[in-house]
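Examining the three-dimensional arrangement
One letter stands for each residue in the lines below.
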Amino acid sequence: MDQTTFQSALAENRQTLPDGVHKSTCRMCHGGCGTLIHIKDHEVVKVEGNPESPLNEGRLCPMGAASMEQLYSPQRLKYPMRRAGDRGEGKWERISWDEATDQIAARLTEIKVESGAEAIAIGTGTGRHHCNWVPRFANALGTPNWGESGGAQCFFPRVNTMKLTYGDHMVCDYTGDRLPDCIMFWGHNPIYSSADGELGFRVKNALATQKPKTIVIDPRETMLARKADVWLQVRPGTDDALGLAFIHALIFEGLYDKAFVDEYTHGFAELKERVRDKTPEWAAEITWVPADKIREAAKIWADSKPGVLEFGCAIEHTPNSIQTVRALSMLPALVGNVDVPGAWVFGMQGHFPFPNLVEVLPEEQLKKRLGYGDYKILCSNEGSPQPSAHMPSVFRAMRTGDPYRVRAFCIFGNNPIASYADTKKMYETLMALDFLVVADLYLTPSAELADIVLPAASWMEVDEVVGMPYFSESVVLAQQKAYQLGECRNDEWMFVEIARKMGLEHGTEAPEEVFDQMLAKQDITFAELKKKGHIQIKQTYFQARGLGFNTPTGKIELYATQFEKLGLDPLPYYEEPPESPLSTPELTDEYPYVLTSGSRIPMFFNSEYRQLPSLRKGRPFPEVELHPDTAAELGIEQGDWVKISTKRGTCLQRAKLTTGIDPRVAHVQSHWWFPEEEGPHYGIWKSNANRLTSQDGPYDPGMGTYCLRGMLCNLEKSKEYAVQWSPPVHPNYQSSATEIQEFILPDAAE
Ligand SMILES: Nc1nc2c(c(=O)[nH]1)N[C@H]1C(S)=C(S)[C@@H](COP(=O)(O)OP(=O)(O)OC[C@H]3O[C@@H](n4cnc5c(=O)[nH]c(N)nc54)[C@H](O)[C@@H]3O)O[C@H]1N2
Ligand SMILES: Nc1nc2c(c(=O)[nH]1)N[C@H]1C(S)=C(S)[C@@H](COP(=O)(O)OP(=O)(O)OC[C@H]3O[C@@H](n4cnc5c(=O)[nH]c(N)nc54)[C@H](O)[C@@H]3O)O[C@H]1N2
Ligand code: SF4
Ligand SMILES: [Mo]
């Protein structure tokens, strides 16, 4: 878009709050940082961290600092569009919102009448502002088939497992009178990944002030690993074995807290039997972590109390996700790090319940949920507080009609071709649909395949109640619409508009009404919250110790009775990843290296922000991390393009050589596409990590998780390159390069 067209698109439909400074909440990631939006002459002129916000105390990360670039990006979608050629041909015509929502309502009603509401799937990505509204819309529409690309893979294995083990979601306490004396970072790098778990700023504060002991379990030597008291360099995908050996060491070396275990846990004797032969020596063979290091870590964990376990999505990215989470989630209980200041404490989700309308989905529809009979912890109300469909099963139904044909897919904030496993299969899946709607900020490779594309609002253009239930000393913040670019609309408005036009019985209330329902328990209205910015809810301690845990036995269930009821093993076990040097040795001649993918970096949020210059400048290319010895053997030098191949496909990334990775392991960045390249594919085939992965299973028996970490690959120097890049320059954004440098420098390597 040229500059004049861009300026006139900005002027069109311009709506802003009055000149001045307005409180809001950054949502460039899962979110939560309080912000101040400065408006002058109807334009946003500055965004800064709100010093009064207890979560970030005035700070912003590089993505937050690039918020204005996102708001004013010339590549943003600014009006609804309808496909004007064949699907995926990249030809579009502009239409009005009325035409768009009329057509969507009519087509969805038609499909619902012809094939049942279950033939319509609703999709979203991870934790954006409207994530709770997606199941609300699906329930109102009567379809059980909604889901997100993280659903089975990310966070919910932890949330659901902790609920079934502890009775509720446990969070790390960095706000009590006592800060943790030990932090164990297991497959998690919150300094970069921030709000997936605690906010990175709080973790940094705790590290700086308390100087706790740290234990890091990671195949890569991250900044946290380099500074750790002990770093366990685990083979990707084998955290379950390491977890069992850790439990063994705590129990059989007499390190566990006997008094706490006797009083507050259920099933210790059974657990002890289960791990009797899972010695550190046994685990060393499997995980490549020396036995004495496992013992050393267990001793530090038991000796430095209170302590917290920060575990991340890396441990959820295998088909044994649930039992891995189960094993690790017992480590705080075994040493009594529960329900006291500076330990694991209860999250706050009960304080602002979202009306997700789960009760209006008829029982017979719920049973039609794809995955329902198979993955009970993901799909059933008994297994999950936010049950959803098993998306690989939904995609299979879209392609094959088995067990019934899913004909329509409405996506609100997801780039499935980039973020689900198997890029090629995802492309074929979307191409097989009768009707595809995509609401997004940009015309992504997935949006390019749609029948109708809807221009979504970015965070400064949205009113929302932001709850942070996954932090201790929780905060509820207002996000407020300060601006509107072009005809962009928030997803909440789209859901209500489509529901009204379809004549649905539920889900038609205006968003403001829903916000007030959410806040009712806190005795504040949304209008008041906007003025205040945020409210804080005091953390409670010693509650479960007094009243009992919210499980059938009233105790922390080391032996999970609810797992047993759902037909799952009540005790954790080890299972080798489906493709590995141990499970498929016959493949190691052709694919000799172990591959892991997706560790977060501070500049991008999953597949987002590669079009924002100040962020892209920090990471112009996708990078594969390799050990220098491995690279030397393969004739690869720093910065060379490397071809990474698996049984599924290949991708190209540039070599980043580091001694902080095992010579037998490679790590690729995930979610890459190149918005600067020609549409409709925008280079999605070249460098995306999911060209290497499979969505065909095996799956976790409770959660339906597939494997993203710990598979086999080959590496070779590539003659081709994926992209040659020079930073795009555009006058409509403020450079935030300085903030990025400040943020990155102290942490130099990730
Ligand atoms: N800046 C930024 N923040 C983000 C995101 C983003 O894209 N960018 N994404 C958000 C999302 S959706 C999520 S789920 C979180 C994820 O954030 P985290 O939970 O922190 O997960 P990752 O950064 O993917 O991986 C964490 C660490 O696990 C290591 N790792 C890789 N494989 C294995 C393994 O097999 N075992 C173990 N023990 N460790 C392994 C990696 O080397 C990495 O250092 O971040 C969220 N926050
Ligand atoms: N190989 C590999 N694959 C992975 C992972 C990995 O580690 N390795 N991680 C997995 C994990 S943990 C997750 S959670 C998923 C993440 O996957 P997703 O959360 O689906 O992430 P994206 O693919 O970035 O899709 C998000 C899209 O939503 C758009 N968007 C942003 N905000 C809004 C909004 O407010 N409204 C609307 N309508 N659109 C918006 C963005 O422009 C973007 O196109 O990826 C998974 N995929
Ligand atoms: S961590 Fe960064 S992107 Fe996330 S809410 Fe805070 S400033 Fe925004
Ligand atoms: Mo995620």
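Everything discussed here concerns the structure shown above.
First things first, this report covers the structure right here in the doc. Throughout this document, residue positions are counted from 1 along each chain, in the order its sequence is written. Chain A is the first chain written and ligand 1 is the first ligand written, with later ones labelled in order. Confidence filtering applies because this is a predicted model: local features only for residues at pLDDT of at least 70, side-chain atom pairs given and counted only at 80 or more, and all residues used for totals across whole chains, interfaces and linings. The basis for the side-chain values is all heavy atoms of the structure; hydrogens and waters are excluded.

Put simply, DSSP marks the helices as runs of H or I at least four residues long and the strands as runs of E at least two long, and each gets a number from the N terminus on. In terms of helices and strands, the protein carries 29 helices and 29 strands. Type-normalised accessible area, obtained with a 1.4 Å probe on protein chains alone, sets the label of each residue: buried when under 20%, exposed when over 50%, and partly exposed for intermediate values. Each of the 750 residues in the protein was classed as buried or not, and the buried ones make up 66%. Of all intrachain contacts in the protein linking residues separated by at least 6 positions in sequence, the fraction that spans at least 24 positions is 75%. With residues, only the protein chains shown are counted as cover, and all accessible areas are computed by Shrake-Rupley using a 1.4 Å probe. Surface summary for the protein: the accessible area is close to 25400 Å², and the carbon and sulfur share equals 49%. Each charge class in the protein was averaged separately, 76 positive and 100 negative side chains, and the resulting centres sit 1 Å apart. When checking whether two residues touch, look at their non-hydrogen atoms; a contact exists if any pair is within 4.5 Å. Charge counting follows a simple rule: Lys and Arg are positive, Asp and Glu are negative, and His as well as the terminal groups are ignored. For this purpose, a charge sits on NZ of Lys, CZ of Arg, CG of Asp or CD of Glu.

This part takes up the environment of Glu586. Mapping Glu586 onto the fold places it in the loop between helix H25 (561–565) and strand E24 (593–597). Take Glu586: its relative accessible area is 60%, and that puts it in the exposed class.

Pairing between strands is defined by DSSP: at least two bridges between them are needed. The three strands are arranged E2-E3-E4 in an open sheet whose pairing can be described as antiparallel. Where the open sheet ends on each side, the last strands, each with one partner, are strand E2 (20–25) and strand E4 (43–49). Strand-to-strand twist in this sheet, taken as the mean axis angle between neighbours without regard to direction, amounts to 30°. In the sheet, E2 pairs with strand E3 (residues 34–40) via six bridges, with the strands oriented antiparallel. In the sheet register, Gly20 faces E3, and the bridge partner there is Ile39. For every element, the axis is a line fit to its C-alpha atoms; helices are fit only across the contacting stretch, and the angle between N-to-C directions ranges from 0 to 180 degrees.

Of all five residues in strand E26 (residues 641–645), four are buried, a share of seventy percent or more. Of the pairings in the sheet, the one linking E26 to strand E27 (residues 650–657) comprises five bridges and is antiparallel in character. The residue of E27 that forms the bridge with Ile644 is Cys651. Taken together, E26 and the strand that follows it, E27, pair antiparallel across an intervening segment of four residues.

Attention shifts here to the site of ligand 2. Residues are classed as near a molecule or strand on a simple rule: at least one heavy atom within 4 Å of it. In the vicinity of ligand 2 lie 34 residues, with Thr126, Arg128, Asn414, Ser419 and Asp440 positioned nearest. Contacts described as polar in this section are N or O atom pairs within 3.5 Å, which, within protein, must combine one atom able to donate a hydrogen with one able to accept it, while residues neighboring in sequence count only if both atoms come from side chains. Between ligand 2 and the protein, one listed contact pairs an oxygen atom with a backbone N or O atom of Asn415 at 3.1 Å. The separation between an oxygen atom of ligand 2 and a polar side-chain atom of Asp440 is 2.6 Å. In the complex, the protein chains occlude 97% of the 920 Å² of accessible area that ligand 2 would expose alone.

Moving on, we come to helix H6 (residues 156–166). The element H6 is largely enclosed, with a buried count of ten among its eleven residues. Within the sequence span of H6, burial applies to Phe156, Pro157, Arg158, Val159, Asn160, Thr161, Met162, Leu164, Thr165 and Tyr166. Directly beyond the C-terminal end of H6, a positive phi value near 90° is found at Gly167.

One fewer than the residue count of a helix, multiplied by 1.5 Å, yields its expected span. Over its 14 residues, helix H15 (residues 321–334) extends 20 Å from the first C-alpha to the last, a length consistent with the 20 Å expected when each residue adds 1.5 Å. With 14 of 14 residues buried, H15 lies mostly within the body of the structure. Phi for Gly336, located one or two positions after H15, is positive at around 80°.

Residues forming no salt bridge and having over 30% relative accessible area are the ones grouped into patches, like charges within 9 Å of each other and nonpolar side chains (Val, Leu, Ile, Met, Phe, Trp, Tyr) within 5 Å. A pairing counts as a salt bridge when a side-chain nitrogen of Lys or Arg comes within 4 Å of a carboxyl oxygen of Asp or Glu. Negative charge collects at one region of the surface, where Glu512, Glu513, Asp516, Asp523 and Glu528 lie side by side. With three residues, helix H22 (residues 511–519) is the largest single contributor of residues to the negative patch. You can see Glu513 is positioned in helix H22. In this structure Glu513 comes out as partly exposed when scored by relative accessible area, which is 45%.

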